[in-house]
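Analysis of the macromolecular model
Residue strings, one per chain:
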Amino acid sequence: MTPSKPILVTGSHRSGTTWVGKMIAASPSVGYIHEPFDPLHRPGICTAKFPYWFMYVTDENETPFYEPLKNTLAFRFNLSAELPTLHSPRLVGRMAKNWYNFALNRLRQSIPLMKDPIALFSTEWLAKRYEMHVIVLIRHPAAFASSLIRMNWGHDFTGFHEQTLLMKDYLGHFANEIEEFTKHKQDLLDQAILLWRMMHDTILRYQTTHNDWFFLRHEDISNDPLHHFTYIFKYLNLTFTEHVKTTIEDYTNSSNHSEAQKGHLLTKRDSKSNIKSWKKKLTEQEITHIRNKVEDISHKFYSDSDW
């Protein structure tokens, strides 16, 4: 097997990164790695300790992260880091599964696919240091907000405020809002709005400087999965096999539920009907509030007809 560049699938969380990553990993050439930037990840997967959600890694602070992530992308599972944390049979079972998957992918010389929206702000560093193909997913702000509310996922903005490099390089113009959200807890809707704006403002910056990356709206790939996955596989120089085609069809056809049935886990769903399911879950007032707050950024991605 000819080695190929590692793959990064990122974007905002709740933008379909798990779905897209898993469908690409249906290729026998690809091995899937789940969110090493998650501060709660298993140490056998990656020995780096990320002190913040959405950690910003750059040349200035890369020392604790470079080698551990290099080992992760090489499918080197660290048993010595994992063993002291095994306090239940469930964790032992998870370790065995993770070790086996890493060993198998290393034996097969699989192309590593790192699925990680939590790494969004570190994408430029990852792409440069590990020579990665990059796929960035974009999602409608109302769909993003609706999903976070459904999951009851709040966010502590202190982690952004304390990352001085991230504030300097990317989020400086959000400093006042971040500080306010740090001092005073906001409702889930307004938290989602600020998160969407920060993340998609960063994605806009990426689009202007990285024309070799693959940017894709969640709504477009949901509307015509086979068409867009065909182009993704071409971008990655992967063979679009009959097995891959069947897997994509199985996970997206109209006989499936319109929305995920098990929280954040990947489930089969009717991808087309999921596109505007947010219209049934948000009130007109909430939708208007979202649009008023995000329009300065969202109009670069979504037109009037998308609302």
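Below or above, wherever it landed, is the structure these notes cover. Worth saying up front: this structure is predicted, and the values here are computed from it rather than measured. (Residues numbered from 1 in each chain as written. Predicted model: local features only at pLDDT ≥ 70, side-chain atom pairs only at ≥ 80, totals over all residues. Heavy atoms only, no water.)

**Details of the overall build of the protein chain**
On a plain count of helices and strands, the protein chain comes out with 15 helices and 5 strands. For 307 residues, the compact-globule formula gives about 19 Å, and the C-alpha radius of gyration of the protein chain, at 19 Å, lands near that figure. When its C-alpha atoms are laid out on the principal axes, the protein chain stretches across 55 × 45 × 40 Å. By residue count, 54% of the 307 residues in the protein chain fall in the buried class. Long-range pairs, those at least 24 residues apart, make up 73% of the contacts in the protein chain with a sequence separation of at least 6. Accessible area of the protein chain: about 14,600 Å², with a carbon and sulfur share of 51%. (Helix = DSSP H or I, 4+ residues; strand = E, 2+ residues; numbered from the N terminus. Rg over C-alpha atoms; globule rule 2.2 N^0.38 Å. Buried < 20%, exposed > 50% of the residue type's maximum accessible area, 1.4 Å probe, protein only. Contact = heavy atoms within 4.5 Å. Areas by Shrake-Rupley, 256 points an atom, 1.4 Å probe, with all protein chains shown as cover.)

**Points about the packing of aromatic side chains**
By the definition in use, this model includes 20 aromatic pairs. Each ring, one from phenylalanine 157 and one from phenylalanine 160, has its centre 5.9 Å from the other, and the planes form 45°; the classification is tilted. Using a relative accessible area of 1% as the deciding quantity, one classes phenylalanine 160 as buried. Ring centres 6.1 Å apart and planes at 80° place the aromatic pair tyrosine 170 and tyrosine 206 in the edge-to-face group. Taken together, the residues tyrosine 170 in helix 8 (residues 164–171) and tyrosine 206 in helix 10 (residues 188–209) connect sequence positions 36 residues apart. There is no split in this pair, since tyrosine 170 and tyrosine 206 are both buried. Among the aromatic side chains, those forming a connected cluster through ring pairs are Phe54, Phe121, Phe157, Phe160 and Phe181. Just above the ring of tyrosine 66 sits the side chain of arginine 129; from NZ or CZ to the centre is 4.3 Å. (Phe/Tyr/Trp six-rings, centres within 6.5 Å; stacked < 30°, edge-to-face > 60°. Lys NZ or Arg CZ within 6 Å of the ring centre and 35° of its normal.)

**Concerning the packing of helix 6 (residues 141–151) against helix 10**
Remark: helix 6 packs on helix 10, axes separated minimally by 9 Å, with the N-to-C direction vectors making an angle of 135°. Put simply, helix 6 runs oblique to helix 10. Crossing hand, helix 6 versus helix 10: right-handed. In this structure, helix 6 contributes Pro141, Phe144, Ala145, Leu148 and Ile149 to the contact, and helix 10 contributes Leu188, Leu189, Ala192, Leu195 and Trp196. Its residues assigned to classes, the contact of helix 6 with helix 10 comprises 10 nonpolar, no polar and no charged. (Axes fitted to C-alpha atoms, helices over the stretch in contact; angles between N-to-C directions. Parallel < 35°, antiparallel > 145°, perpendicular 65-115°, else oblique. Left-handed = near helix turned anticlockwise from the far one by under 90°. Nonpolar A, V, L, I, M, F, W, Y, C, P; charged D, E, K, R; others polar.)

**Let's talk about the packing of helix 1 (residues 17–24) against helix 12 (residues 225–235)**
Put simply, helix 1 and helix 12 touch, their axes get as near as 11 Å, and they point 65° apart. Every pair of crossing elements has a handedness; the one defined by helix 1 and helix 12 is right-handed. For the pair helix 1 and helix 12, contact is made by Trp19, Val20, Met23 and Ile24 and by Pro225, Phe229, Ile232 and Phe233, respectively. Classifying every residue of the contact of helix 1 with helix 12 by side-chain character gives 8 nonpolar, no polar and no charged.

**Overview of unusual backbone geometry**
Excluding glycine, residues mostly carry a negative phi; peptide bonds, for their part, are mostly trans. Phi is positive for glutamate 35, close to 45°, though the residue is something other than glycine. Topologically, glutamate 35 is positioned in the loop between strand 2 (30–34) and helix 2 (63–73). Residue glutamate 35 is classed as buried on the basis of its relative accessible area of 11%.

**Observations regarding the pattern of salt bridges**
Enumeration according to the criterion identifies 13 salt bridges in this entry. It is possible to trace a salt-bridge network through shared partners that takes in Glu60, Lys168 and Asp169. (Salt bridge = Lys/Arg side-chain N within 4 Å of Asp/Glu carboxyl O.)

**Considering helix 5 (residues 123–130)**
Turning to helix 5, its buried residues number three or more, namely Thr123, Trp125, Leu126, Ala127 and Tyr130. Taken together, the buried residues of helix 5 touch strand 1 (7–11), helix 2, strand 3 (111–115), strand 4 (133–138) and helix 10. Looking one or two residues past helix 5, glutamate 131 carries a phi angle of roughly 50°, positive in sign.

**Some words on the sheet that holds strand 2**
Here we have 5 strands laid out as an open sheet, ordered 2-3-1-4-5, and parallel in their pairing. The open sheet terminates on both sides in strands that have one partner only, identified here as strand 2 and strand 5 (214–217). Strand-to-strand twist across the sheet, computed as the mean angle between neighbouring axes with direction ignored, equals 20°. Each of strand 1, strand 2, strand 3 and strand 4 is contacted by helix 1, which is oriented at about 160° to strand 1, the strand it contacts most. (Pairing = 2+ DSSP bridges.)

**Examining the environment of tyrosine 206**
Look at tyrosine 206 and you get buried, because its relative accessible area is 1%. As a C-alpha pair, tyrosine 206 and threonine 17 span 189 residues in sequence and 17 Å in three-dimensional space. Beyond its immediate chain neighbours, meaning those up to four positions away, tyrosine 206 contacts Leu120, Phe121, Ser122, Thr123, Glu124, Tyr170, Trp213 and Phe215. A distance of 2.7 Å separates the side chain of tyrosine 206 from the backbone oxygen of leucine 120, its partner in a polar contact. (Polar contact = N/O pair within 3.5 Å; in protein donor to acceptor, adjacent residues only side chain to side chain.)

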